Amino acid sequence: MPGSSEQKEEMNPYALARDTSVSVKDMRVLLATQDVFRHIKVTPVTACLGGEITGVNLAEKLSDDVIEEIWAAFLLFGVIFVREQHLTPAQQVALAKRFGEVDRHPIVKGLEDYPDVLEIVREAGAPTNFGESWHSDNSYMPEPSLGSILHAVEVPPVGNDTMFSCAYGAYEDLSPKMQDILDGLKAVHTAGIAFNPATVSGGSFENPEAKMKYVKSQELESQSVHPVVRTHPETGRKALFVNSMFTPRIEGMSEAESKPILDYLHSQVGQPHLTCRYRWKSGDVAMWDNRCLQHVAIGDNSSHRRIMRRVTLKGDKPF
């Protein structure tokens, strides 16, 4: 019966995450009816992605068993949410290091005392928000960030939510012929467009008083080439790995030639059945897998200040 110790042993969460014989949606719908965790409680957010964890205090030094189950939930749901945590920057970094090596942002300066922590600030009245188009964090790097941990410090009473989209599902929805075509393609990723000093918003390269300060690093000029469809190194599932923020063209094609293909793939990302939308409260924490989903900040409330702190985990080269 669901919830019994025998059931939990049979339904090993890591084995379930690696079971590619069923679609990602079917696997996550199953999780709504089966209790596969011993130390945490996870409630699915939508049929395609997202899980809300209860019963943990991320500010504490958690046991290895709990950390292992949080990571399993991360793999199973793509993005996990934990409410009312109120972490200090030091606690957020310590939490991240339980899951892997921390990845310092090459362009945006972190906090002075905690350079691995980005403080993402949108002041009241600011016209734009940081991350207001679909993307996977730092996909322009040769080894893009594995995952991100975002902590809500100050949020508006309504609005400025974050949406997430399942890149597994976006790939699985494609026809077999389109999958075959994309499996042989690679795409160029660059930070030079999104962080163009002449047009960038959300921060400043020049203003020393800006809340978010940017650095003119080599990543503004360099490019990385990754498969259009990457294979998740832990689950074995395939996911679309192009995004509208950092992917201007297909390798071997001009931007004009690439545009119809990329426009179609980008349109798949925002399909409602592939998404979940998270409404933030102060203290909430979200942790997502950049290898198999994209996200976007919704900048619909410019009347209130929003402060978030983000730490990312180092990844490996997509294949």
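Residues numbered from 1 in each chain as written. Predicted model: local features only at pLDDT ≥ 70, side-chain atom pairs only at ≥ 80, totals over all residues. Heavy atoms only, no water.

A. Just helix 4 (residues 64-77), in detail. The terminal C-alpha atoms of helix 4, which comprises 14 residues, lie 20 Å apart, in line with the 20 Å expected from a rise of 1.5 Å per residue. Among the 14 residues that make up helix 4, eleven are buried, leaving the element largely enclosed by the rest of the structure. Directly beyond the C-terminal end of helix 4, a positive phi value near 85° is found at Gly78. (Helix = DSSP H or I, 4+ residues; strand = E, 2+ residues; numbered from the N terminus. Expected span 1.5 Å × (residues − 1). Buried < 20%, exposed > 50% of the residue type's maximum accessible area, 1.4 Å probe, protein only.)

B. Local environment of the packing of aromatic side chains. Taken as a whole and assessed by the stated rule, the structure comprises nine aromatic pairs. Judged by centre distance (5.3 Å) and plane angle (65°), the ring pair of Phe205 and Tyr214 falls under edge-to-face. Their ring planes at 85° and their centres at 5.0 Å tell us that Tyr278 and Trp280 sit as a pair that is edge-to-face. Residues Tyr278 and Trp280 agree in their burial class; the two are buried. A connected cluster of aromatic rings, assembled from ring pairs, spans Phe81, Phe164, Tyr278, Trp280 and Trp288. The lysine or arginine in question, Arg230, covers the ring of Phe241, its NZ or CZ lying 4.8 Å from the ring centre. The ring of Tyr168 has Arg237 sitting right over it, with the charged end atom 6.0 Å from the ring centre. (Phe/Tyr/Trp six-rings, centres within 6.5 Å; stacked < 30°, edge-to-face > 60°. Lys NZ or Arg CZ within 6 Å of the ring centre and 35° of its normal.)

C. Structural context of the pairing of strand 8 (residues 186-189). As paired strands, strand 8 and strand 9 (residues 224-227) are joined by four bridges and run antiparallel to one another. Bridged to Val188 within strand 9 is Val225. Pairing analysis gives two bridges linking strand 8 to strand 12 (residues 249-250), with the strands arranged antiparallel. From the neighbouring strand, Val188 faces strand 12, where its bridge partner is Arg249. (Pairing = 2+ DSSP bridges.)

D. The arrangement of the sheet that holds strand 9 in detail. If you trace the three strands from one edge of the open sheet to the other, you get 9-8-12, paired in antiparallel fashion. Strand pairing shows two members of the sheet lacking a second neighbour, strand 9 and strand 12, which therefore form its edges.

E. Layout of the pairing of strand 5 (residues 118-122). Of all five residues in strand 5, four are buried; the element is thus mostly enclosed. Bridging between strand 5 and strand 16 (residues 306-313) involves five bridges; their strand directions are antiparallel. Each residue of the ladder has a partner; that of Arg122, found in strand 16, is Arg306.

F. Spotlight on the pattern of salt bridges. Inspection of the entire model under this criterion finds 18 salt bridges. The residue Glu101 makes a salt bridge to Lys314 at a minimum N-O spacing of 3.2 Å. One end of the pair, Glu101, is in the loop between helix 5 (89-97) and strand 4 (102-103); the other, Lys314, is in the segment after strand 16, with 213 residues separating them in the sequence. For Lys314, a relative accessible area of 39% translates into the label partly exposed. The salt bridge partner of Arg305 is Glu154, with a shortest N-O separation of 3.1 Å. Here Arg305 is found in the loop between strand 15 (293-297) and strand 16, whereas its partner Glu154 is found in strand 6 (residues 147-154), with 151 residues between them in sequence. Owing to a relative accessible area of 28%, Glu154 belongs among the partly exposed residues under this scheme. Linked through salt bridges whose partners overlap, the residues forming this network are Glu52, Arg83 and Asp284. (Salt bridge = Lys/Arg side-chain N within 4 Å of Asp/Glu carboxyl O.)

G. Focus on unusual backbone geometry. The phi dihedral of His86 is positive, around 55°, even though this residue is not glycine. By the secondary structure assignment, His86 is in the loop between strand 3 (79-82) and helix 5. Not every positive phi belongs to a glycine, and Asn138 is a case in point at roughly 60°. With respect to the secondary-structure elements, Asn138 resides in the loop between strand 5 and strand 6. By relative accessible area, which is 3% here, Asn138 ends up buried.

H. Structural detail: the sheet that holds strand 15. As summarised here, the arrangement of the three strands in space is 13-7-15, forming an open sheet in which the pairing is antiparallel. The open sheet terminates on both sides in strands that have one partner only, identified here as strand 13 (275-278) and strand 15. Taken pair by pair, the neighbouring strands of this sheet meet at an average axis angle of 20°, ignoring direction. (Axes fitted to C-alpha atoms, helices over the stretch in contact; angles between N-to-C directions.)

Any functional reading would require information beyond the geometric quantities listed.
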